[in-house]
Amino acid sequence: MSSDAGKQRTSRELLFLKRMFSSYYRRVKIPPPPDFKYREFGFMLWDKDVMVRHKSFSDAEQLQNFLAEYGPKHAYRSVAYYYDPEASTMESKGWIGADLVFDVDADHLNTPCKMEHDFWVCEHCGAHGRGGKPEQCHKCGSSNIKEFTWICERCLDLAKEEIIKLKDFLIDDFGISPYELKIVYSGHRGYHLHVYSEVVRDLTRDERREMLDYIKGIGLSVSSFYRKSSGVIIFEREGWGGRILKSLENLLRDEDGLTALKDMSEMDRSTLEKLRSYKSVILRGLREESPKIILPKGVGEKTLIKLLAKALKMFEVEVDEPVTIDVHRIIRLENSLHGKTGFRVTEIPLNYLDKFDAFKDAIVFRGEVSIKFLFDCPPLRIGEEVFGPFKRGQKVEVPMALAIFVLARGVAILL
Ligand SMILES: [Zn+2]
Ligand SMILES: [Zn+2]
């Protein structure tokens, strides 16, 4: 393989991708986001690596025509509403308000599968390896290393778990109606959650940050969730208290939870043994009408605080902070295509979230096409079928959706 294999993707592939994206936008109606006339739109096109920003559309057809003409690599729209969305500076746009948005991305989660499916290639000598890229190539010392990320069910499931926790926080603790929430698959490694409500539009950056702190459990003191009354520890069930309680139950109930405490050397063996042999008593106490924590002899409040801190950790939501705080942010346009995957940015009804399957529900391209792989690549599922792994140099006819995914990542070329 030549040293500049990553650059082998020529204008031919880019033109193909642009044509395929355009064909999607000619075929599929893209409903614009609520009050879109007041929003700024931004696009990345295939031929230039610059964002076309400060655009606005006065009707849905205009937007559709733009998408069909340019077949953009990435399409975004603002979370904010402006009097003049086309004005070239933020100051002159006239900010009216902004939806509240959250971004959960597997990139920020510590997913074990990264080691299995992400890989890197040294652009200087061609050396390659799995996982995230090293600072320097171990063979030639070059720092000119290209990283290729992949997606799998496991990373998307982990991201989904986070978005579900987040949804529960917003509904249960902030009183946001499920009808005001929209969950969107990003088309790549994560999910977005939008809150459309008059109540949130005026929130400042600081207020949005405060919400994040609460959701991430920042500054929470576990000792505020219980009180001692004549030697009995009584637990508060409200808000975070209820979550900690639930997570404490999970922690104690399954053996892995207890072992995790030891592995993290948060507890010595004898304390752990005491908790283990006493766990049915503790669990019974937790399930009472006003939950109590009954600790075995020789286990004190210090251990309790460690336990609760661990329980709290399990409910914190890992969200990408800048997305929520930035009230001028642009975020992916719903139903547009993601330029790194060709997957659709998909709106997910709340009652379908559990079942949502990106490898099926976000696939929009049909048919087959022949391609040649430039690198060894991990498998990818399209619909019900898993394709690959693939070998460098392999020529193969694959489903169009898979071809677009690998062409967009620059790991294959058209035959
Ligand atoms: Zn190298
Ligand atoms: Zn994965």
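What you see is a predicted model, and the numbers here were worked out from it, not measured in a lab.

**Examining the domain arrangement of the protein**
Per the domain assignment, the segments of the protein are domain 1 (11-20 + 365-415), domain 2 (29-113 + 152-216 + 318-363), domain 3 (114-148) and domain 4 (222-313). The C-alpha-based centres of domain 2 and domain 4 are spaced at 38 Å.

**A closer look at the environment of G383**
Relative to the assigned elements, G383 resides in the loop between strand 18 (380-382) and strand 19 (385-387). A C-alpha to C-alpha distance of 13 Å links G383 and V398, two positions 15 residues apart in sequence. Contacts of G383, omitting those with residues within four sequence positions, involve F359 and K360.

**Thoughts on the coordination of the zinc ion (ligand 2)**
For the zinc ion (ligand 2), the full set of protein donor atoms is C113 (SG), H117 (NE2), C152 (SG) and C155 (SG), at a range of 2.0 to 2.3 Å. In this structure, the zinc ion (ligand 2) is surrounded by four donor atoms whose angles at the metal cover 104 to 114°, and the resulting shape is tetrahedral. For the zinc ion (ligand 2), the single-chain donor residues occur in sequence as C-x3-H-x34-C-x2-C. For C152, a relative accessible area of 17% translates into the label buried. For C155, a relative accessible area of 1% translates into the label buried.

**Things to note about the packing of aromatic side chains**
Under the defined criterion, the tally for this structure stands at 24 aromatic pairs. Ring centres of W150 and F405 lie 5.1 Å apart, and the angle between their planes is 75°; this geometry places the pair in the edge-to-face category. Residue W150 is found in the loop between strand 9 (145-148) and helix 5 (153-173), and its partner F405 is found in helix 15 (residues 400-409); the two are separated by 255 residues along the sequence. Here W150 and F405 have matching classes, each one buried. Centroid distance F169 to Y214: 5.9 Å. Interplanar angle 80°. Geometry classified as edge-to-face. In this pair, F169 sits in helix 5 while Y214 sits in helix 7 (residues 205-215), placing the two residues 45 residues apart along the sequence. Y214 gets classed as partly exposed once you look at its relative accessible area, which sits at 28%. An aromatic cluster of three or more residues is present, and its members are F119, F148, W150, F343, F359, F375 and F405. Stacked on the ring of F169, the Lys or Arg R243 has its end atom at 3.7 Å from the ring centre.

**Digging into the coordination of the zinc ion (ligand 1)**
The protein atoms that coordinate the zinc ion (ligand 1) are C122 (SG), C125 (SG), C137 (SG) and C140 (SG), at distances spanning 2.3 Å. What the four donor atoms of the zinc ion (ligand 1) show is an angle range of 106 to 113° at the metal, which sorts the shape as tetrahedral. Expressed as a motif, the donor residue spacing for the zinc ion (ligand 1) is C-x2-C-x11-C-x2-C. Highlighted residues: C125 in the loop between strand 7 (119-122) and strand 8 (128-130) and C137 in the loop between strand 8 and strand 9, separated in sequence by twelve residues. For C137, a relative accessible area of 4% translates into the label buried.

**Section: a negative patch on the surface**
Taken together, the side chains of D202, D206, E207 and E210 present a region of like negative charge at the surface. In this fold, E207 is placed in helix 7.

**Examining the layout of surface pockets**
Left-over empty space is what a probe sized like a water molecule reveals as it rolls over the atoms. For the largest pocket, the calculated volume is near 750 Å³. Elements represented by at least two residues in the lining of the largest pocket include exactly strand 3 (74-78), strand 6 (100-105), strand 9, strand 11 (190-195), strand 15 (330-332) and helix 15. Residue assignment for the lining of the second largest pocket shows that the elements contributing at least two residues are helix 4 (114-117), strand 7, strand 8, helix 5 and strand 18. With three residues, the top contributor of residues to the lining of the second largest pocket is strand 8.

**Thoughts on the sheet that holds strand 7**
Taken in spatial order, the three strands of this open sheet run 8-7-9, and their pairing is antiparallel. Edge strands, defined here as strands with exactly one partner in the open sheet, are strand 8 and strand 9. Pairwise comparison of adjacent strand axes, ignoring direction, gives a mean angle of 20° for this sheet.

Analysis parameters
- Counting from 1, residues in each chain are numbered in the order their sequence is written.
- Here chains are named by letter from A upward and ligands by number from 1 upward, in the order in which they appear as written.
- With pLDDT at 70 or above as the cut-off, local features in this predicted model cover only qualifying residues; side-chain atom pairs require 80 or more to be listed or tallied, and sums for whole chains, interfaces and linings still use all residues.
- Note that water and hydrogens are dropped before the side-chain values are worked out from all heavy atoms of the structure.
- The domain limits used here are those given by an automatic or database domain assignment.
- Segments assigned H or I by DSSP are reported as helices when at least four residues long, segments assigned E as strands when at least two residues long, and all are numbered from the N terminus.
- In this analysis, two residues are considered to be in contact whenever any of their non-hydrogen atoms come within 4.5 Å of each other.
- Each metal's donors comprise the N, O and S atoms found within 2.8 Å of it (within 3.2 Å for Na, K or Ca). Water is not part of the atom list, so some coordination spheres may appear incomplete.
- Under the classification used here, a metal with four donors is tetrahedral if each angle lies between 85 and 135 degrees, square planar if opposite donors are over 155 degrees apart and the others between 65 and 115, a six-donor metal meeting that same test is octahedral, and anything else is irregular.
- For every residue, the accessible area (1.4 Å probe, protein chains only) is compared with the maximum for its type, and the residue is labelled buried under 20%, exposed over 50%, or partly exposed between those bounds.
- Note on aromatic contacts: the rings of Phe and Tyr and the six-membered ring of Trp form a pair at centre separations within 6.5 Å, being stacked when their planes are under 30 degrees apart, edge-to-face when over 60 apart, and tilted otherwise.
- Counted as over-ring charges are cases with an Arg CZ or a Lys NZ within 6 Å of the ring centre that also lie within 35 degrees of the ring normal.
- Here the term patch refers to residues with relative accessible area over 30% and no salt bridge, with like charges joined within 9 Å and nonpolar side chains (Val, Leu, Ile, Met, Phe, Trp, Tyr) within 5 Å.
- Note that accessible areas follow from Shrake-Rupley with a 1.4 Å probe, and for residues the cover is restricted to the protein chains shown.
- One speaks of a salt bridge when a side-chain nitrogen belonging to Lys or Arg is within 4 Å of a carboxyl oxygen belonging to Asp or Glu.
- Lys and Arg are tallied as positive, Asp and Glu as negative. Neither His nor the chain termini are counted.
- Every charge is mapped to an atom, namely NZ of Lys, CZ of Arg, CG of Asp or CD of Glu.
- The rule is simple: put a 1 Å grid over the protein atoms alone, call a set of points where a 1.4 Å probe fits but cannot get out a cavity, call an open set with protein on both sides within 12 Å along at least five of seven lines a pocket, and count a residue as lining if it has an atom within 4 Å of a point.
- Grid points are joined across faces, edges and corners, and a volume is the space filled by probe spheres set on the points.
- A pair of strands counts as paired when DSSP detects no fewer than two bridges linking them.
- Each axis is a line fitted through C-alpha atoms, taken for helices only over the stretch in contact, and angles between the N-to-C directions span 0 to 180 degrees.

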